[in-house]
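# Structure assessment
Here is how the chains run, residue by residue.
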Amino acid sequence: MTPEDTSWLSTLCAQERALHRQEIRRSEKELRQYLHHDFFEIGYSGRQYTFTDILAAVADPPSERRICMKDERCLRLSEDSALLLYRSAECCPGCNGLARWANRCSLWWLTSRGWQLRFHQGTPMERW
């Protein structure tokens, strides 16, 4: 098993949290900076998304949900790639607390443009 890497943990958590913010998700320029051009996601629902799908969603109405992260771990896979693992929950007006708990993993690559997200998956879980 690949050892945990605490030196990259805070950087990658900050990158991940940035992608949870609406001002980033509503900006094609920002998304192009954070997402690798070969980005692929398997969402919480099981639906699959590509880089093009994510860019097309920029025009969608913003969500009022906020994502909270917990139990973050970073596994270095190579000199320029790491797997970020964490648990999440959504907090939104009207849901009276947290909802939609998930185990999440993100594959980050260090490119000439900085850290870029190459793959992401969210898997539903009961609660944390």
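Overview of the structure. (Residues numbered from 1 in each chain as written. Predicted model: local features only at pLDDT ≥ 70, side-chain atom pairs only at ≥ 80, totals over all residues. Heavy atoms only, no water.)

### Section: the pairing of strand β6 (residues 114-124)
In plain terms, the rule: Any two strands with at least two DSSP-identified bridges between them are counted as paired. For the purposes of this entry, the term helix denotes a DSSP run of H or I that reaches at least four residues, the term strand denotes a run of E that reaches at least two, and both are numbered from the N terminus.
In this sheet, β6 lies alongside strand β1 (residues 35-42) in parallel orientation, the contact comprising 4 bridges. Across the sheet, I42 pairs through a bridge with Q121, a residue of β6. Pairing of strand β5 (residues 98-111) with β6, which is carried by 10 bridges, proceeds in the antiparallel orientation. Along β6, the bridge assignment pairs C105 with Q121. Taking the residues between adjacent antiparallel strands as the criterion, β5 and β6 are bridged by 2 residues.

### Re unusual backbone geometry
To be explicit about the condition: Each residue gets one of three labels from its accessible area relative to the maximum for its type: buried under 20%, exposed over 50%, partly exposed in between, using a 1.4 Å probe on protein chains only.
Even without being glycine, D71 reaches a positive phi, approximately 60°. With respect to the element layout, D71 can be found in strand β3 (residues 66-78). By relative accessible area, D71 is classed as partly exposed at 42%. Its identity is not glycine, yet R100 carries a phi of approximately 50°, on the positive side. Here R100 is to be found in strand β5.

### Details of the packing of aromatic side chains
Applied cut-off: Two rings belonging to Phe, Tyr or Trp (six-membered ring only in the last case) form a pair when the distance between their centres is within 6.5 Å. Interplanar angles under 30 degrees mark stacking, angles over 60 mark edge-to-face geometry, and anything in between is tilted. Criterion for a charge above a ring: Lys NZ or Arg CZ within 6 Å of the ring centre, and within 35 degrees of the ring normal.
Applying the stated criterion to the full structure yields 2 aromatic pairs. Between the aromatic rings of W8 and W115, the centroid separation amounts to 4.8 Å while the plane-to-plane angle is 70°, which identifies the pairing as edge-to-face. A residue pair is termed long-range when its members are at least 10 positions apart, and W8 in helix α1 (residues 6-20) and W115 in strand β6 qualify at 107 residues. No difference in accessibility class separates W8 from W115, as the two residues are buried. Considering the side-chain rings of F40 and F119, the 6.2 Å spacing of their centres and the 20° angle between planes classify their relative orientation as stacked. Taken together, the positions of F40 in strand β1 and F119 in strand β6 put the pair 79 residues apart, joining distant regions of the chain. The partly exposed category is assigned to F119, whose relative accessible area is 22%. Between the NZ or CZ atom of R76 and the centre of the ring of W8, over which it lies, the distance is 3.7 Å. The cationic tip of R100 hangs over the ring face of Y44; the distance from NZ or CZ to the ring centre is 4.1 Å.

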